[in-house]
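Listed below are the residues making up each chain.
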Amino acid sequence: MKSKKIINYIEENKDVFIDFLKTLISKDTTNINHGLDGGNEKNGQEIIISKFKELGLDIEVFEPDNNKLKKYKESSLGHNYKNRPNVVGILKGEDKENYKSVILNGHIDTMPFASIDKWFSHPLDPIIIDNKIYGRGSCDMKGGLAALILAVEVLIKLNCDIKGDIIIESVVDEEGGGNGTLACVDKGYKADLAIVAEPTELKLMKAHMGWVFFKMDIEGKSLHSGLKWLGVNAIEKTIKVMDGLKELEKEWLLEKRDSILPPPTINFGTINGGTAGSVVPDNCRLDFGIHFLPTDADENGLGSKVEKEIIDRINLISNGDAWLKDHKPKLTKYQEGSPFEMKSKKGFLQIFSDNFKKIRKEESLISGSEYGCDARLLQNYSKVPTLMFGPGSIKQAHGINEYLDLDQYIDYIKIIALSLNDLNK
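Predicted model, so just to flag it, every value in this text is computed and none were measured. (Residues numbered from 1 in each chain as written. Predicted model: local features only at pLDDT ≥ 70, side-chain atom pairs only at ≥ 80, totals over all residues. Heavy atoms only, no water.)

Engineer: Talk me through the sheet that holds strand β5 (residues 132-134); I want residue IDs and the actual numbers.
Structural biologist: Within a beta sheet, neighbouring strands are joined by backbone hydrogen bonds and run either parallel or antiparallel to one another. Taken in spatial order, the three strands make up an open sheet running β4-β5-β16, and their pairing is antiparallel. Strand pairing shows two members of the sheet lacking a second neighbour, β4 (127-129) and β16 (403-405), which therefore form its edges. Strand after strand, the sheet turns through a mean of 25 degrees between neighbouring axes, direction not considered. Strand direction decides the pairing type here: β5 and β16, joined by three bridges, are antiparallel. (Pairing = 2+ DSSP bridges. Helix = DSSP H or I, 4+ residues; strand = E, 2+ residues; numbered from the N terminus. Axes fitted to C-alpha atoms, helices over the stretch in contact; angles between N-to-C directions.)

As structure tokens, this is what we get:
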């Protein structure tokens, strides 16, 4: 009977829930230069604070602190957090000793927007077309964040018995690397389960890839292109290394397997070198990234084993080249992120799968994510079993005319509300 009441209440309040999402989208919460130069998240966090007050939640507001975060290997230091607060709302359970507590995590920041003339409407003026809501952050991930909050509101309005604590984290700077969630980890928030509302198309994702990004500098010998044979072309030497790394990627494709994740990849992002077509280039920089499987993580959950494979392969290539063996490429790691894999035997997946089927009338898909998110921080640092699960498709994130399917949005509110209610039985 309670399930039916929850579903009916959400159906009756669909328009109100969509209006709340519209309000959230309309606030500029862009992350500036991946967090280094600050961000506008406060505009959206004011809406979140107001909603938390309306719901009677205990509220904590705090800015990430670079000094406190520097002890974490995955922190992105040097970011400006002035007027960029995390907002955490806590619904205290009546019997948290015997019932499951939950963290509901979503990021309020969005990527910047451009090419406004190509949008159906201004990115901060949400518009609905064919039951899709368009606007910056609609998919990534104000839709998921709004839905998490509204699911809790439903339980409160219907006077459902909340036995375990529900902790809602509206975090900043996810697009800058995750320091907002890391600051929540540092604050000590813990639970029996965490949900991160990344856009997964309502797939239940219990793992994602890890990543390591490098800059590689190769030295050459410059002179007039007419005497090319007397110089050393740094771009061509870089291509030689790239070809060797592509061979390593092929080996990974054959050797490394995972039931829900793709094989590891090496992506060449940018290549820059030289000054003119008439000059043999004496320098070249390659920016590239590796995405790797949870099974390839080291004892700290990071990518040092994969990093060693990369270094060993570059050395192998260099030692076979008359120039590179004495002028080794200089490799600089500039970002890394751990993979994660949900490890829980408590039946959490079954609860969400059952409610997915109840609402969507089909079996849920359990899979893994090719891209990373804040789920890794909750799972790997707080040791909280974590699930990526949210409305929308990552294909819509960051792009022009970003949108969220409103049926997924409303169904997600239902699934989360029902599942939170079931966790309290």
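Engineer: How would you explain the packing of aromatic side chains if you had to name every residue and give the values?
Structural biologist: Considering all chains together, one arrives at eight aromatic pairs under this definition. For the ring pair F389 and Y412, a centre distance of 5.0 Å and an interplane angle of 65 degrees mean the geometry is edge-to-face. One end of the pair, F389, is in the loop between β15 (386-388) and β16; the other, Y412, is in helix α11 (residues 406-423), and 23 residues separate them in sequence. Grouping residues by exposure puts F389 and Y412 together as buried. What links up through ring pairs into an aromatic cluster is the set F120, Y134 and Y403. When the ring centre of F62 is taken as reference, the NZ or CZ atom of K187 above it lies at 4.7 Å. (Phe/Tyr/Trp six-rings, centres within 6.5 Å; stacked < 30°, edge-to-face > 60°. Buried < 20%, exposed > 50% of the residue type's maximum accessible area, 1.4 Å probe, protein only. Lys NZ or Arg CZ within 6 Å of the ring centre and 35° of its normal.)

Engineer: Now, about the nonpolar core: what can you tell me, with residues and values included?
Structural biologist: Ranked by internal contacts, the top residues of the largest apolar core, which has 89 residues, are I195, F389 and Y409. Those residues within four positions of Y409 in sequence are excluded, and the remaining contacts are F17, I18, L21, G143, A146, A147, L150, P391 and L404. If you look at the next biggest cluster of nonpolar residues, it comprises 24 residues, including V212, M216, L286 and W323. (Core = buried A, V, L, I, M, F, W, Y, C linked by side-chain atoms within 4.5 Å. Contact = heavy atoms within 4.5 Å.)

Engineer: Talk me through the UniProt feature "domain: Peptidase M20 dimerisation" (unreviewed entry) in the protein chain; I want residue IDs and the actual numbers.
Structural biologist: The positions that UniProt labels "domain: Peptidase M20 dimerisation" (unreviewed entry) are, in the present scheme, residues 207-298. Counting secondary structure, residues 207-298 comes out at 24% helix and 34% strand; the distance between its end C-alpha atoms is 16 Å. (UniProt positions renumbered as here; feature names shortened; annotations may be inferred.)

Engineer: Residues and numbers for the side chain of S138, please.
Structural biologist: Relative to the elements of secondary structure, S138 occurs in helix α5 (residues 138-157). A distance of 3.3 Å separates the side chain of S138 from the backbone oxygen of E402, its partner in a polar contact. Residues within four places of S138 in sequence aside, it is in contact with I25, I133, G143, E402, Y403 and L404. (Polar contact = N/O pair within 3.5 Å; in protein donor to acceptor, adjacent residues only side chain to side chain.)

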